Amino acid sequence: MPERHAPAASRRKLGILLRQLREGCDLTGEQVAKQLRVRSPKIYRVEGGKVVPTHPELTMLMDLYQVTDEHREVLLQLADEARRKGWYESYESVLPPKFETYVGLESDATALRAYEPSLVHGLLQTRDYAHAVLTAGNPAEHPDDIELLVDLRMRRQELLTREHDPLRFWVVLEEVVLHRPVGGAQVLTEQLRHLLTVAADLPNVTVQIIPTAVGAHAGLAGSFSILEFEPSSPEVIYVDSHGGNLTLEKTRDLRRCKLLYDNLVADALSKRESTRLVEAALEDTRAS
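Enquirer: Requested: an account of the pairing of strand β4 (residues 224–228), with residues and values cited.
Expert: Summarising burial for β4: 5 of the 5 residues are buried, a large majority. Because side chains alternate across β4, one face comprises the buried residues Phe224, Ile226 and Glu228, and the other comprises Ser225 and Leu227, equally buried. Across 3 bridges, β4 lies against strand β5 (residues 236–239) in antiparallel orientation. Considered in β5, the bridge of Ile226 is made with Ile237.

Enquirer: Just give me the short version of the side chain of His217, but keep the residues and values in it.
Expert: Relative to the helices and strands, His217 is located in the loop between β3 (205–210) and β4. There is a polar contact of 2.9 Å between the side chain of His217 and the backbone nitrogen of Gly219. Beyond its immediate stretch of four places on either side in the chain, His217 contacts Tyr115, Glu174, Ile210, Leu264 and Asp267.

Enquirer: Describe in detail the sheet that holds β3, supporting the description with residues and values.
Expert: In sheet architecture, strand pairing relies on hydrogen bonds along the backbone and comes in two forms, parallel and antiparallel. Reading across the sheet, the 6 strands line up as β3-β2-β1-β4-β5-β6 and stay open at both edges, with mixed pairing between neighbours. Here the strands that pair on one side only, and so sit at the sheet edges, are β3 and β6 (246–248). Neighbouring strand axes in the sheet, compared pairwise and without regard to direction, differ in orientation by 15° on average. Inspection of the sheet shows strand β1 (residues 111–116) paired to β4 by 5 bridges, in the antiparallel sense. Note that in β4 the partner of Ala114 across the bridge is Ser225. Those strands touched by helix α10 (residues 251–267) are β1, β2 (168–174), β3, β4, β5 and β6, and its axis lies near 110° from that of β4.

Enquirer: Let's hear about helix α8 (residues 143–156): which residues, and what values?
Expert: Over its 14 residues, α8 runs 20 Å from end to end, which matches the ideal 20 Å to within 8%, given 1.5 Å per residue. Among the residues of α8, those classed as buried are Ile146, Leu149, Val150, Leu152, Arg153, Met154 and Arg156. Turning to α8, the residues buried within the fold contact α6 (99–108) and α7 (127–137).

Enquirer: Give a detailed account of the packing of aromatic side chains, specifying residues and quantitative values.
Expert: Under the defined criterion, the tally for this structure stands at 5 aromatic pairs. Here the aromatic rings of Trp170 and Tyr261 are separated by 6.1 Å at their centres, their planes lie at 90°, and the arrangement is edge-to-face. Of this pair, Trp170 sits in strand β2 while Tyr261 sits in helix α10, placing them 91 residues apart in sequence. A relative accessible area of 31% means that Trp170 is categorised as partly exposed. Pairing Phe224 with Tyr261 gives two aromatic rings, centres 6.3 Å apart and planes at 85°, and the pair type is edge-to-face. Separated by 37 residues along the polypeptide, Phe224 in strand β4 and Tyr261 in helix α10 bring together distant segments of the chain. One exposure class covers both Phe224 and Tyr261, and it is buried. Within the aromatic cluster, the residues linked to one another by ring pairs are Tyr115, Trp170, Phe224 and Tyr261. Over the aromatic face of Phe229 sits the side chain of Arg12, whose NZ or CZ is 4.7 Å from the ring centroid.

Enquirer: If you had to explain the nonpolar core to someone new, which residues and values would you point to?
Expert: By size, the foremost hydrophobic cluster in this structure holds 53 residues, and its most contacted members are Leu124, Leu160, Phe169, Leu195, Val205, Val207 and Leu227. The element that contributes the greatest number of residues to this core is helix α9 (residues 185–201), accounting for 7 residues. Here Leu160 is in contact with Leu123, Leu124, Pro166, Leu167, Phe169, Leu202, Asn204 and Val205, once residues within four sequence places are set aside. Listed in part, the 15 residues of the second largest apolar core include Leu18, Leu36, Val67 and Leu78.

Enquirer: Before we move on, can you summarise the pattern of salt bridges with the specific residues and values?
Expert: For the coordinates displayed, the defined rule picks out 17 salt bridges. Here the salt bridges do not stand alone but share partners, grouping Arg113, Glu228, Glu235 and Lys258 into one network.

Enquirer: Tell me about the packing of helix α2 (residues 29–36) against helix α4 (residues 55–64), and name the residues and values.
Expert: Interaxial distance between α2 and α4 falls to 10 Å at its minimum, and their mutual angle equals 120°. By the angle between their directions, the pair α2 and α4 is classed as oblique. Every pair of crossing elements has a handedness; the one defined by α2 and α4 is right-handed. Residues Val32, Gln35 and Leu36 of α2 pack against Glu57, Met60, Leu61 and Leu64 of α4. Per-class residue counts for the contact of α2 with α4 are 5 nonpolar, 1 polar and 1 charged.

Parameters and conventions
- Residues numbered from 1 in each chain as written.
- Predicted model: local features only at pLDDT ≥ 70, side-chain atom pairs only at ≥ 80, totals over all residues.
- Heavy atoms only, no water.
- Buried < 20%, exposed > 50% of the residue type's maximum accessible area, 1.4 Å probe, protein only.
- Helix = DSSP H or I, 4+ residues; strand = E, 2+ residues; numbered from the N terminus.
- Pairing = 2+ DSSP bridges.
- Polar contact = N/O pair within 3.5 Å; in protein donor to acceptor, adjacent residues only side chain to side chain.
- Contact = heavy atoms within 4.5 Å.
- Axes fitted to C-alpha atoms, helices over the stretch in contact; angles between N-to-C directions.
- Expected span 1.5 Å × (residues − 1).
- Phe/Tyr/Trp six-rings, centres within 6.5 Å; stacked < 30°, edge-to-face > 60°.
- Lys NZ or Arg CZ within 6 Å of the ring centre and 35° of its normal.
- Core = buried A, V, L, I, M, F, W, Y, C linked by side-chain atoms within 4.5 Å.
- Salt bridge = Lys/Arg side-chain N within 4 Å of Asp/Glu carboxyl O.
- Parallel < 35°, antiparallel > 145°, perpendicular 65-115°, else oblique.
- Left-handed = near helix turned anticlockwise from the far one by under 90°.
- Nonpolar A, V, L, I, M, F, W, Y, C, P; charged D, E, K, R; others polar.

Here you go:
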């Protein structure tokens, strides 16, 4: 079972707190770097959740920021968590660049809103469907590595059914997804059944479909996800593409993507109507 607080998420939290403390002391990253005798980019990499400061560096930062004993314990614990190996690191040989960071953030998120125009979202895919998707998308990979990628995807799905605080997941799909015969008719049939089962049985999962008849809408630029965390941590936008995996945290990016998502939800069918559309697609697939 994926851990509730992944190392990547702990690095991010630690960085956010250290940045807030630095700004509260009215210090620049360059001034702090000079005090620690490190290059200034390291300060910003720490604050960006890219690296973890060493124990002596963290102690010096806490002294510089005049951190209280209570807050020191929080920072030290986050640093310890950030240095642990995440469950997903056993898949590091096949992880796409920067995807480790996303998996860590996903593991720590309280809610996830996603738009997928081409495929069933990975958190809702059956094993056979995922295998077909990953095989087609990674033609140069060895079959054993494809199996590892499939295993990783299946383990990520445990977030939806974990005992404590299961991930609240809301996904908007395009109608074309319901008819694309990924893996063949039988695989698609099982996938559509699974989609209906999950949507019906898990109250934390919402599935909505945008009918093809809608035409132009806010999501034509491609898929994206909005990850939400505990109130002390800002939201994150994730964009997956062949050009690279991006995580966006700037206020204007968050505002733009949240508005896009609201418009997509407005264009989509209701949850009940979406279920009927999936049921109709399932009947069409059985008949073909």
